[in-house]
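Listed below are the residues making up each chain.
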Number of protein chains: 4
Amino acid sequence: MTEKSRPLRADAARNRARVLQVAYETFAEEGAGVPIDEIARRAGVGAGTVYRHFPTKESLFQAIVADRLQQVVERAREQAAADPGEGLYAFLFHMAEQGATDLGLTEAFAGIGFDLAAALPDAEKEFTGMMAEILTQAQRAGTVRSDLDVADIKTLIVGLQAMRRFRGDSELMHRVYPVIRAGLAAPDASPDGATDASA
Amino acid sequence: MTEKSRPLRADAARNRARVLQVAYETFAEEGAGVPIDEIARRAGVGAGTVYRHFPTKESLFQAIVADRLQQVVERAREQAAADPGEGLYAFLFHMAEQGATDLGLTEAFAGIGFDLAAALPDAEKEFTGMMAEILTQAQRAGTVRSDLDVADIKTLIVGLQAMRRFRGDSELMHRVYPVIRAGLAAPDASPDGATDASA
Amino acid sequence: MTEKSRPLRADAARNRARVLQVAYETFAEEGAGVPIDEIARRAGVGAGTVYRHFPTKESLFQAIVADRLQQVVERAREQAAADPGEGLYAFLFHMAEQGATDLGLTEAFAGIGFDLAAALPDAEKEFTGMMAEILTQAQRAGTVRSDLDVADIKTLIVGLQAMRRFRGDSELMHRVYPVIRAGLAAPDASPDGATDASA
Amino acid sequence: MTEKSRPLRADAARNRARVLQVAYETFAEEGAGVPIDEIARRAGVGAGTVYRHFPTKESLFQAIVADRLQQVVERAREQAAADPGEGLYAFLFHMAEQGATDLGLTEAFAGIGFDLAAALPDAEKEFTGMMAEILTQAQRAGTVRSDLDVADIKTLIVGLQAMRRFRGDSELMHRVYPVIRAGLAAPDASPDGATDASA
DNA sequence: AATGAATGAGACTTCATTCAT
DNA sequence: GATGAATGAAGTCTCATTCAT
């Protein structure tokens, strides 16, 4: 998905990577509203260069999201391999971290003005598949209640990212994560879906 | 903060209220990007009339948020009075519902492009005070762990709103709320901030 | 078609007319490639004002064409009423004159980058209907051969406009029109469509 | 004007010819608005190569027109040699055909955004000279009225090309050409330049 | 010589805000 | 007070032309 047709000239590849990196940082800082001209300026190239590599703003956005998802997937698989019981938690917290600085990824993930499954079906499948794997591993290890599925995890990620943007890392880690973790580790809810009233 | 100087002519007051209502609905439906002209059109007034009552788009936005907060505060107090143990949960879920249809309020609340405490200090204080009250009542009733404070609740609201935007009401209610509720009802975390359970 | 809903405020109507006039002249001089900004500048208004009245460049173009067609139709009907035998010729020569200064109308008429029947079906029908009337009148008067139809007349207009743009009015009038007129007044071609070889 | 300085390397000459051919076809199909990049792509060369041979888009355009004129001149001379009485008609109809598919040539010829005599004086002279020859031959053969000159023929070509672009070949041939031909073959107009009455 | 990447001016269009009516 | 027209600063994107590879 990254390389197509010819392998791109060295200088072009450098520029493309630079634009991608700068765009990633800029979107992360400022959200999707940043003008392309601003990204071009920060990258030290002309606006036309950005458009040569990414014919629309949307496509630049997609390229960034695809790139980030790829990295996230790899990292999550490694961590789950090292510790299956903790893999899902590590992933959740990593995604939250991403959300802190990466408004663009968060918006994409939460489907704000961006339909991930439609725009990047392959990346989305890969991502969802990875989540299924590490969720299953955690459930087998007994660290996560067994009645949750991938859609629930996605939902929680959206929530965690929003929380992380709202609040500093350290506070979230010490005060809110424990709540979420306790909820995730709790025994399964009763069949009717209501909380099991230990409360 | 709502009434200033002289008490608006009757028709002007009517217009103001109408604009506020329409703007609330429109922002909720379409997000903050809607042109003022569109709001004016829907309200059946000229753009100039909107600007007479709200000198900037930002100020219109603030007025809406203040208005919504006021309503939310009243409702939450009533519910907590009726059932102190459930008041906080009712409030949380109500806020999540708001987030579903009220993109504007959510963004304001989550601090996206809007600093609530700076823009509307009085409303913010009122809102925070109310949350302190109902949190304390719930903790006294034993339905919420005692190591949580208002900032934690705010954080959870931000997360719940994001989750609710991401996922339908019914699914959230049956699959994710139980997790959050289990986490909130869990025994206090150990002093070092980690979850005490299996961890 | 000209007036819709409300009758437009006096100043707005003035501006609209001014923009239409300036745009007409500018397109006529420079063709359809002129930037809207240039038209706005010449009209002494902001670009936004042009867009308020004509939401796209295309729509401005259409408005001009519709306006011109309307005038042409009226004039042609008057002339044909005054002298049925000469009405068609007067119309043809008038259209050629228009083509001289009105690149925009010519392009629209010749269908260059503009589908008249699709864009302005009513105006197109009116225009075609008028041509049918004056052609029939001329044929009854015996000044035009009877085997020609409206499509042929349209074709000749396109040709005459192109010729008029290429060559000065006086020369065209004295040197080329006589050729066309002689051809139009010639006896009908033989049934197989070939010239009747008086040549 | 075609060859300058040293005689181009073989591959360069091949590239030049290929670009010229492709550019001709592309302009003919799409009009003068086509980006140079598109022409380069279709020719299978880099944009830089186009610019090496033709320093501006304008100069590429001129080279094409010169090339086409050359071919038209040759063909017309051959046909006039074969049949002097029909040579002019064959030429006229051939030019009209060209106009159908060759928007670039037509625009150049009609002087739309292009001054042929100024840009390509030699080609223009050659072209005009050829027209004088075949017009004289037709007039001697008695197939064309004797009061027409080369400028009139040029004018008619412009008109015919416009008509041909507007209408299909077959219809033009059977319905409009006869009119033009009848006009061209008609007896001379009276001295004052007006059409000689009903004739 | 060829390539195709980079440039940057400029086109169309939107919209928050001001102001004449 | 209300109206809605006017403004003009952006924003996205295109493309003729230049230049490093």
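These numbers come from a predicted model, not from an experiment.

We now examine the interface of chain D and chain C. Facing the 36 residues of chain D at the interface are 36 residues of chain C. In total, about 2,900 Å² of surface goes out of reach between chain D and chain C, with carbon and sulfur atoms giving 68% of it. The largest share of the area that chain D buries against chain C comes from T155, F166 and V179 of chain D, three residues that together contribute 20% of it. Our enumeration of links across chain D and chain C arrives at 6 salt bridges. The partner of D152 of chain C in a salt bridge is R175 of chain D, with the nearest N and O atoms 2.7 Å apart. Within the residue set of the side of chain D that touches chain C, elements represented by two or more residues are α6 (103–110), α9 (150–166) and α10 (169–185) of chain D. Looking at the side of chain D that touches chain C, the element that brings in the most residues is α10 of chain D, giving 12 residues. Per-class residue counts for the side of chain D that touches chain C are 19 nonpolar, 7 polar and 10 charged.

Here we take up the environment of R42 of chain B. All names here are of chain B. Position of R42 relative to the elements: it lies in helix α2 (residues 36–43). R42 sits in the partly exposed class, given a relative accessible area of 28%. Residues R42 and V22 lie 20 residues apart in sequence; the distance between their C-alpha atoms is 6.8 Å. With residues near it in sequence (within four places) discarded, R42 still touches R18, V22, T26, E29 and E30. At 3.2 Å, the side chain of R42 and the side chain of E30 are in polar contact.

When chain D is fitted to chain C, the best match, at an RMSD of 0.5 Å, comes from turning it 177° and sliding it 0.1 Å along the axis. This pairing of chains is accounted for by a two-fold axis. When the interface residues of chain D are mapped onto chain C, 97% of them are again interface residues, pointing to one common binding face.

All names here are of chain A. Here chain A averages 85 in pLDDT, while 85% of its residues score no lower than 70. Mean pLDDT values over the elements of chain A span from 69, in helix α6 (residues 103–110), up to 96, in helix α3 (residues 47–53). Counting contacts from residues 192–199, a segment whose pLDDT is below 50, to residues more than four positions away or on other chains yields 11 contacts.

This next bit is on the interface of chain B and chain A. In this complex, chain B contributes 35 residues to the contact, which on the side of chain A involves 35 residues. Overall, the association of chain B and chain A removes approximately 2,900 Å² of surface from exposure, summing both partners, and the carbon and sulfur fraction of that is 69%. When residues of chain B are sorted by the area they lose upon contact with chain A, T155, F166 and V179 of chain B head the list and together hold 20% of the total. Where chain B touches chain A, the interface holds 6 salt bridges. For the interface between chain B and chain A, the tally reads 8 residue pairs in polar contact (both at pLDDT 80 or more). Every element with two or more residues in the side of chain B that touches chain A is listed here: α6 (103–110), α9 (150–166) and α10 (169–185) of chain B. Its residues assigned to classes, the side of chain B that touches chain A shows 19 nonpolar, 6 polar and 10 charged.

Take the environment of E86 of chain C next. All names here are of chain C. Position of E86 among the secondary structure elements: in helix α5 (residues 84–101). In this structure E86 comes out as partly exposed when scored by relative accessible area, which is 28%. Separated by 48 residues in sequence, E86 and I134 place their C-alpha atoms 9.1 Å apart. A polar side-chain atom of E86 sits 2.7 Å from a polar atom in the side chain of R181.

The next subject is the protein's contact with DNA strand F. Near DNA strand F there are 36 residues, and of these T49 of chain B together with N15, G46, T49 and R52 of chain C occur at the shortest range. Counting only atoms of DNA strand F within 4 Å of the protein, the fraction found in sugar and phosphate groups is 72%. One nitrogen or oxygen atom from the side chain of T49 of chain B is found 2.6 Å from a phosphate oxygen belonging to DNA strand F. Of all the elements in the fold, those that place two or more residues in the surface near DNA strand F are α2 (36–43) of chain A, α1 (10–30) and α3 (47–53) of chain B together with α1 (10–30) and α3 (47–53) of chain C. Looking at which element gives the most residues to the surface near DNA strand F, the answer is α3 of chain B, with 5 residues.

Rules of the game
Residues numbered from 1 in each chain as written. Chains lettered and ligands numbered in written order. Predicted model: local features only at pLDDT ≥ 70, side-chain atom pairs only at ≥ 80, totals over all residues. Heavy atoms only, no water. Contact = heavy atoms within 4.5 Å. Buried area = accessible area lost by both parts, 1.4 Å probe. Salt bridge = Lys/Arg side-chain N within 4 Å of Asp/Glu carboxyl O. Helix = DSSP H or I, 4+ residues; strand = E, 2+ residues; numbered from the N terminus. Nonpolar A, V, L, I, M, F, W, Y, C, P; charged D, E, K, R; others polar. Buried < 20%, exposed > 50% of the residue type's maximum accessible area, 1.4 Å probe, protein only. Polar contact = N/O pair within 3.5 Å; in protein donor to acceptor, adjacent residues only side chain to side chain. Least-squares fit on C-alpha atoms with pLDDT ≥ 70 in both. pLDDT = per-residue confidence, 0-100. Near = heavy atom within 4 Å.

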